[in-house]
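A structural walkthrough
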Amino acid sequence: NAVIGIVGGGQLGRMSAIAAARLGFRTHILTTEANGPAAQVSHAVTCGKYDDPVALDAFASAVDVVTFEFENISADALDLLATHCPVHPSGHILRISQDRLAEKTFFASAGIPLAPWHAVTDLKTLHEAAEKVCLPLILKTTRNGYDGKGQRRVHHIHDLEDAFNALAPHPLVAEGMVDFACEISVMVVRSADGTVRCFDPALNRHWNGILDLTLAPAPIDPNIAAEAVKLATTIAEKLELVGILGVEMFVDRTGNLLVNEMAPRPHNSGHWTMNACPQDQFDMHIRAVAGLPLPHAVRHSDAIMKNLVGPEDMALLPQIMATQGFIPHLYGKKEARVGRKMGHVNILFPYGALPGNLGIQDALGPLATKTAAPEPKEDTAA
Ligand code: ATP
Ligand code: MG
Ligand code: MG
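Residues numbered from 1 in each chain as written. Chains lettered and ligands numbered in written order. Predicted model: local features only at pLDDT ≥ 70, side-chain atom pairs only at ≥ 80, totals over all residues. Heavy atoms only, no water.

**Some thoughts on the packing of helix α6 (residues 123-133) against helix α7 (residues 160-167)**
Rules: Note on geometry: axes are C-alpha line fits, over the in-contact stretch for helices, and angles between N-to-C directions span 0 to 180 degrees. Helix and strand definitions follow DSSP, with helices as H or I runs of at least four residues and strands as E runs of at least two, each counted in order from the N terminus. Each angle receives one of four descriptions, namely roughly parallel if under 35 degrees, roughly antiparallel if over 145, roughly perpendicular if within 65 to 115, and oblique otherwise. The crossing is said to be left-handed when, going from far helix to near helix, the turn is anticlockwise and less than a right angle, and right-handed when the turn is clockwise. What makes two residues a contact is simply this: any of their non-hydrogen atoms within 4.5 Å.
Packing of α6 against α7 leaves a shortest axis separation of 11 Å and a crossing angle of 130°. By the angle between their axes, α6 is oblique relative to α7. Our pair here, α6 against α7, has a crossing hand that is right-handed. When α6 is examined against α7, the residues Leu123, Leu126, His127 and Ala130 are found in contact with a partner set consisting of Leu160, Glu161 and Phe164.

Here is the structure:
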């Protein structure tokens with residue numbers, strides 16, 4: 001049986017390896033963490049750093065196809081792997097998604113709607129940006145941001161330079177702040193034969209910049225949901241994607257969609273599929289990477305996905321385990337540091353029966369307290 005190589009040893013690699021095993025594949029994980037989440041469930045090859053050419057050569061020669069869950073490997077490293085065996089998604093796609101400017105340029109060329117944006121490298125372009133995108137705006141580092149890190153919100157013109165100085169000297173992009181009604185995401189999978197499948201759009205709620213809750217399906221107008229699927233499909237086709245990709249979007253107050261960013265890998269906002277769909281995002285991703293047929297991305301249930309973040313949520317583990325209807329997925333991480341994703345819980349409802357806001361608090365039972373408070377408004381530190 002074929003061996004699938006997965007670069008990155010975190011929870012996304014762990015759940016990909018488990019899905020691959022179910023489909024009859026063996027997996028090799030390339031990881032810097034000998035006993036990390038993925039290495040606990042798969043054969044693992046450890047390396048000092050992901051871009052070490054000797055480690056990459058040895059890894060690629062032992063597998064039949066490579067994918068990745070870790071986005072901070074260099075695209076050049078993926079290109080090196082690709083000299084040994086197929087790599088899905090390609091280094092080309094990773095290169096675009098790693099850089100917010102390249103990503104926005106690509107989206108614009110594909111006709112994908114975006115919030116106004118402007119590249120910022122110095123004080124001159126900073127002030128140009130403020131004029132072009134208008135206040136309030138968000139300054140973001142173009143690379144390496146996650147969970148809202150590397151961002152500053154600017155509401156007043158006299159705070160503009162402070163925000164710039166806090167993030168400099170990194171290249172930045174300014175984005176107009178979208179007054180969104182909600183945030184949604186679409187998981188799109190494409191196979192080498194051009195088949196494209198999209199899971200239903202899901203609604204995402206964040207806490208302290210970290211994904212907290214996903215509701216599936218997103219309780220939005222079906223026309224908006226259909227448009228979101230269309231945008232995700234266009235992105236997958238224009239990229240000639242092979243594998244899975246998550247697209248994050250805003251729904252603005254008038255019902256227009258604006259794409260925020262994409263991630264060419266399984267995505268936290270797709271974890272609800274693990275229990276609400278016959279083939280979940282990891283299964284579909286492995287199928288695409290391995291050249292297996294892609295069934296329709298069917299959903300048989302509605303679902304709430306609740307992330308388990310840090311020591312607060314992990315303290316509730318005994319209650320979580322004892323709650324009827326909670327389906328926990330734990331990542332095998334030893335230390336529950338603040339802000340660290342330790343696992344998630346899926347809660348299922350009959351198809352079409354996802355509860356409204358009050359019902360969601362109810363359904364969350366012991367996990368409800370954190371989401372009852374209003375979202376904090378402070379900037380998230382870099
Ligand atoms: P992730 O962990 O999803 O990769 P990230 O660090 O790459 O996050 P973004 O997704 O760009 O950062 O932004 C984090 C959150 O900040 C978004 O989910 C959204 O809530 C808010 N946000 C980002 N950009 C904008 C914007 N232009 N207008 C309004 N809110 C925004
Ligand atoms: Mg991101
Ligand atoms: Mg994001």
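Having put the structure on the table, let's press on.
**Examining the coordination of the magnesium ion (ligand 3)**
Note the following rule: For Na, K and Ca the donor cutoff is 3.2 Å, while for all other metals N, O and S atoms must lie within 2.8 Å; water is not among the atoms, so some sites may look incomplete.
Within the protein, Glu248 (OE), Glu248 (OE) and Glu261 (OE) serve as the donor atoms for the magnesium ion (ligand 3), at 2.0 to 2.7 Å. If you look at the magnesium ion (ligand 3) and the magnesium ion (ligand 2), they sit 3.7 Å from each other and are both ligated by Glu261. Placement of Glu248 in strand β13 (residues 243-252) and of Glu261 in strand β14 (residues 257-263) is noted, with a sequence separation of 13 residues between them.

**Regarding the nonpolar core**
Worth spelling out the cut-off: Put simply, buried Ala, Val, Leu, Ile, Met, Phe, Trp, Tyr and Cys residues joined by side-chain atoms within 4.5 Å make one nonpolar core. The cut-offs for exposure are 20% and 50% of the maximum accessible area for each residue type, with area from a 1.4 Å probe on protein chains only; residues under the lower value are buried, those over the upper are exposed, and the others partly exposed.
In terms of nonpolar packing, the biggest core is built from 50 residues, with Ile184, Ile235, Leu245, Met249 and Ile304 touching the most fellow members. Of the residues forming this core, the biggest block, 8 residues, is contributed by helix α8 (residues 222-239). Excluding anything up to four places from it in sequence, Ile304 contacts Leu213, Thr214, Leu215, Val345, Asn346, Ile347, Phe349, Leu354, Ile360, Ala363 and Leu364. Among the nonpolar cores identified, the runner-up in size contains 20 residues, and Val7, Leu56, Leu81 and Val87 belong to it.

**Re helix α10 (residues 281-290)**
Cut-off, in case you're wondering: Under this definition, polar contacts are N or O atom pairs within 3.5 Å; protein pairs additionally need one hydrogen-donor-capable and one acceptor-capable atom, and for neighbouring residues in sequence, both atoms have to be side-chain atoms.
Burial within α10 is extensive, with 9 of its 10 residues counted as buried. Sitting at the head of α10, Asp280 places a side-chain oxygen 2.9 Å from the backbone nitrogen of Phe282. Remark: Gly291 follows α10 within two positions and exhibits a positive phi of approximately 80°.

**Structural notes on the site of ligand 1**
Worth spelling out the cut-off: We call a residue near a molecule or strand whenever a single non-hydrogen atom of that residue lies within 4 Å of it. Throughout, the Shrake-Rupley method with a 1.4 Å probe supplies accessible areas, and for residues the shown protein chains are the sole cover considered. When residue character is reported, Ala, Val, Leu, Ile, Met, Phe, Trp, Tyr, Cys and Pro are called nonpolar, Asp, Glu, Lys and Arg charged, and the others, Gly included, polar.
Taken together, 21 residues form the shell around ligand 1, and within it Lys140, Asp147, Gly148, Val178 and Glu183 come nearest. Between ligand 1 and Lys140 there is a distance of 2.7 Å, counted from an oxygen atom to a side-chain nitrogen or oxygen. Val178 has a polar backbone atom sitting 2.8 Å from a nitrogen atom of ligand 1. Surface burial for ligand 1 is 90%, taken as the share of its 610 Å² of free accessible area covered by protein chains. Within the residue set of the shell around ligand 1, elements represented by two or more residues are β6 (137-141), β7 (151-154), β8 (172-176), β9 (180-190), β13 and β14. A class-by-class count of the residues in the shell around ligand 1 yields 6 nonpolar, 6 polar and 9 charged.

**Considerations on the pattern of salt bridges**
Formally: Here, a salt bridge means any Lys or Arg side-chain nitrogen found within 4 Å of an Asp or Glu carboxyl oxygen.
This structure, assessed with the given rule, holds 18 salt bridges. Measuring nitrogen to oxygen at the nearest pair gives 3.0 Å for the salt bridge that ties Glu175 to Lys104. Highlighted residues: Glu175 in strand β8 and Lys104 in helix α5 (residues 100-109), separated in sequence by 71 residues. You'll find Glu175 and Lys104 in the same group, each marked buried. Its salt-bridge partner being Asp200, residue Arg299 comes within 2.8 Å of it at the nearest N-O pair.

**A short note on the domain arrangement of the protein chain**
What counts is decided by this rule: Segmentation of the chain into domains, including their bounds, is taken from an automatic or database domain assignment. Buried area is a sum: the accessible area each of two parts loses on coming together, probed at 1.4 Å, counted once for each and added.
Its domain assignment divides the protein chain into domain 1 (3-87), domain 2 (116-176) and domain 3 (180-372). The centre of domain 1, based on its C-alpha atoms, is set 23 Å off from the matching centre of domain 3. Between domain 1 and domain 3, the residue contacts involve 20 residues of the former and 24 residues of the latter. Interface of domain 1 and domain 3: buried area, both sides summed, is about 1,800 Å²; carbon and sulfur atoms make up 64% of it. Inspection of the region where domain 1 meets domain 3 yields 2 salt bridges. Here Asp283 ties to Arg22 by a salt bridge, and the two come within 4.0 Å at their closest N and O atoms. Counting only elements with at least two residues in the side of domain 1 that touches domain 3, the list comes to α1 (11-22) and β4 (65-68). It is α1 that provides the largest number of residues to the side of domain 1 that touches domain 3, a total of 8 residues.

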